[in-house]
Structure formats: structure tokens, C-alpha cells
Amino acid sequence: MHTESSRAQPGALYVVATPIGNLRDITLRALDVLASVDLVAAEDTRHTLHLLSAHGITAKLLAAHEHNELAAAEKLVTHLRAGGSAALVTDAGTPAISDPGARVVRVVREAGIPVVPIPGPSAAVTALSAAGI
């Protein structure tokens, strides 16, 4: 069993899946990363602040929603190139799948910056597990 924490490394963007319901449905690795990044880019900073506070995490937040996604991506690239670390989250689930984030990830990758996925809950798999099919 791998027991060491997963602290964020400088110069990388972590795409972190968040709970799709209960705030405690978050992985330990996601909590490690969120607690160790310099900046959290969030679809809704109020929603993310609630999630982080529930887990005793304080972090600098940056709004990254559908109306400012490209501008937020450029801010993240600047931050990451300066040696910072950052996480990208949405209100529920995995960024860039059904929520904003794809543009951010594309811009960061095109800038040559590593993007590290941190897996978590999946609405489709959760629904299938209880469907009995």
C-alpha cells in the first residue's frame, strides 16, 4: 500500500475531482494536493471555499468559469511558469468533463506545463453501481 502524501510539485497544474454530493466523498490524495498548492482555480469560488473549509484547508482562490476561462488560464500559466503550483476544480466532479476546465487545461498544456489528473468520483459509475444492471 502506498501511504505517502501527494504534495503538489511546483510548476504543475493538478486537475482535481471534487465530490458530486457529500463533501466527505473526496479522496485523501485530492485533499493532500488541495492543501499543498499555492492557488486553486475554481468554477465557483464560494462553493469551493465551502469545500475547502469543511476540510480545514485555506487556499488562495482564482475564479475560472465559463465566462473567464481563457483569462484565468493565462493567469495560471503565468503563476505556474513562476514556479507556483495550482489545482483546477469545479463545483462537482472532474473539471473539463461536464464542467468548465477544458480550455484551461488546453492552454496550460500548450504552454508546455505538466497537467496532473487527480481522480475522484464519477457520476456515471456511481449511478451504474446502484442500477442493478
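Structure report, in brief.

About the cut-offs
Residues numbered from 1 in each chain as written. Predicted model: local features only at pLDDT ≥ 70, side-chain atom pairs only at ≥ 80, totals over all residues. Heavy atoms only, no water. Helix = DSSP H or I, 4+ residues; strand = E, 2+ residues; numbered from the N terminus. Rg over C-alpha atoms; globule rule 2.2 N^0.38 Å. Areas by Shrake-Rupley, 256 points an atom, 1.4 Å probe, with all protein chains shown as cover. Lys, Arg positive; Asp, Glu negative; His and termini not counted. Charge placed at Lys NZ, Arg CZ, Asp CG, Glu CD.

**Quick word on the overall build of the protein chain**
And step 1. The helix and strand inventory of the protein chain stands at five helices and five strands.
And step 2. Beginning at the N terminus, the succession of helices and strands in the protein chain can be written as β-α-β-α-β-α-β-α-β-α.
And step 3. Expected size for 133 residues packed as a compact globule is a radius of gyration near 14 Å; at 14 Å, the protein chain falls within 12% of this value.
And step 4. Each principal axis of the C-alpha atoms in the protein chain carries an extent, and together these give about 50 × 35 × 25 Å.
And step 5. Of the roughly 7,400 Å² of accessible surface on the protein chain, 54% is carried by carbon and sulfur atoms.
And step 6. The average position of the 10 basic charges and that of the 12 acidic charges among the side chains of the protein chain differ by 5 Å.

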